[in-house]
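Each chain, written out:
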Amino acid sequence: MRKALMAGNWKMNKTWAETVVLAQHISNQSTEQWSDLDVVLCPAMPNIKAAYSVLEFDHAPIAVGAQNVHWEESGAYTGEASVGMLAELGAKYCIVGHSERREYFAETDEAVNKKAKALIAGGLIPIICVGESLGIRDDGSFIDYVCAQVRAALAGLEGSNVAKSVIAYEPIWAIGTGRTATPEQAQEVCAAIRATVAEMFDTETAEAIRVLYGGSMKPENVAGLMEKPDIDGGLIGGAALEAESFVYLVNACLD
Ligand code: 13P
């Protein structure tokens, strides 16, 4: 049985002080039952340590993640941060290949692959984002497109590491739009992602890797999505910026 994973991607939101407040509110509402799943907060890079400190002080069953990383250990890469630097801040996870990074910062499949490899080598868990635009959805080639992203991201990795990694299916047309994929649409692609992992590695790896859905996940639609066999959790944007809605989404994953 795969452990559910609920991750909040705060994107470029919340100041240092607001990060402390939100992390504290979420921590206050967490329960021991949250240890049955993995809960992750991904604040903006400068605020990772702030969130980590709050959660660590409380011994909260909540981990911290980053939203981006560079694959080199150090060097002349102005504006970037390495895996080791993120680990020092307390990060256990890191999002890579988010569609916003692919679109606005020209993050390629090759870069996603290098980042995933570097994260695994450094002991962090990559949350690898894939997903199609509305144009690709409408022309019907979305399964091929998403599975090609998965193949590129996981190329050259070992199955044992892939098993511990996370893939997030985030259709671009559902991000921040309020237009969620239906549970059936999300399940179809998440199942295809798992089948791709089985083809590349083996059934055991495919059964172990966690596949999340992301894109306007909220209290009204979480139950329907989580019912689906190949959806193991969520990568949540807007609804992760309020403690109440995020806590609701996490609790919805508990039996
Ligand atoms: P929303 O939940 O705001 O649609 O964002 C999804 C997302 O991009 C998470 O990474």
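Just above, that's the structure.
So, here's what we can say about the structure. All residue numbers refer to positions counted from 1 along the written sequence of the respective chain. Restriction of local features to residues with pLDDT of at least 70 applies here, the model being predicted, together with a cutoff of 80 or more for giving and counting side-chain atom pairs; totals for whole chains, interfaces and linings are based on all residues. As a convention, hydrogens and water are excluded, and side-chain values are obtained from all of the structure's heavy atoms.

By definition here, a salt bridge exists when the distance from a side-chain nitrogen of Lys or Arg to a carboxyl oxygen of Asp or Glu is within 4 Å. Here the structure, examined in full by the defined rule, presents 14 salt bridges. The closest approach of N and O atoms between E199 and R151, which form a salt bridge, is 2.3 Å. Here R151 lies in helix α7 (residues 142-154) and E199 lies in helix α9 (residues 183-200), a separation of 48 residues in the sequence. Type-normalised accessible area, obtained with a 1.4 Å probe on protein chains alone, sets the label of each residue: buried when under 20%, exposed when over 50%, and partly exposed for intermediate values. Overall, R151 belongs to the partly exposed group, its relative accessible area being 35%. Ionic pairing is found between E184 and K228, a salt bridge with its closest N-O pair at 3.4 Å. Of this pair, E184 sits in helix α9 while K228 sits in the loop between α11 (222-226) and β8 (233-236), placing them 44 residues apart in sequence. Salt bridges sharing common partners tie together R2, R194, E207, D230 and D232. A run of H or I in DSSP counts as a helix once it spans at least four residues, and a run of E counts as a strand once it spans at least two, with each numbered from the N terminus.

Moving on, we get to the site of the ligand. Working definition: residue near molecule or strand if any one of its non-hydrogen atoms lies within 4 Å of it. Taken together, 13 residues sit near the ligand, with K11, H98, G176, S216 and G238 positioned nearest. In protein, a polar contact means a hydrogen-donor-capable atom and an acceptor-capable atom, both N or O and within 3.5 Å, with residues adjacent in sequence counting only if both atoms are side-chain atoms; elsewhere, any N or O pair within 3.5 Å suffices. Contact between the ligand and E170: an oxygen atom at 2.9 Å from a side-chain N or O atom of the residue. Contacts to the ligand include G176, whose backbone N or O atom sits 2.7 Å from an oxygen atom. For the ligand, whose unbound accessible area comes to 310 Å², protein coverage reaches 95%. Along the lines of polarity and charge, the residues of the shell around the ligand split into four nonpolar, seven polar and two charged. Exposure was quantified through the Shrake-Rupley algorithm and a 1.4 Å probe, taking into account, for residues, occlusion by the shown protein chains and nothing else. Classes in brief: Ala, Val, Leu, Ile, Met, Phe, Trp, Tyr, Cys and Pro nonpolar; Asp, Glu, Lys and Arg charged; the others, Gly included, polar.

Only rings of Phe, Tyr and Trp enter the pairing, Trp through its six-membered ring, and a pair is recorded when the two centres are within 6.5 Å. The plane angle decides the type: under 30 degrees is stacked, over 60 is edge-to-face, the rest tilted. As enumerated under the stated definition, the model contains one aromatic pair in all. Directly above the aromatic system of F142 lies the positively charged group of R137, at a separation of 3.6 Å from the ring centroid. Ring-over charges, as used throughout, are those where CZ of Arg or NZ of Lys falls within 6 Å of the ring centre and within 35 degrees of the ring normal.

Before going further, it helps to examine helix α2 (residues 48-57). Of all the positions in α2, only I48, A50, A51, V54 and L55 are classed as buried. Should any heavy atoms of two residues lie within 4.5 Å, those residues are considered in contact. Packing partners of the buried residues in α2 comprise α1 (16-29), β2 (38-42), β3 (63-66), α3 (83-89) and β4 (91-96).

On to the packing of α7 against α9. Between N-to-C directions, angles cover 0 to 180 degrees, with each direction set by a line fitted to C-alpha atoms, over the stretch in contact for helices. One can describe the packing of α7 onto α9 by two numbers: an axis separation of 9 Å at closest approach and a directional angle of 40°. In terms of orientation, α7 lies oblique with respect to α9. For the pair α7 and α9, the crossing hand works out as right-handed. Every residue of α9 that contacts α7 at F142, I143, V146, C147, V150, R151 and L154 is listed here: E188, V189, A192, I193, T196, V197, E199 and M200. For the contact of α7 with α9, the per-class residue count stands at eleven nonpolar, one polar and three charged. An angle below 35 degrees is treated as roughly parallel, one above 145 as roughly antiparallel, one from 65 to 115 as roughly perpendicular, and anything else as oblique. Should the near helix be turned anticlockwise from the far one by less than a right angle, the crossing is termed left-handed; should it be turned clockwise, right-handed.

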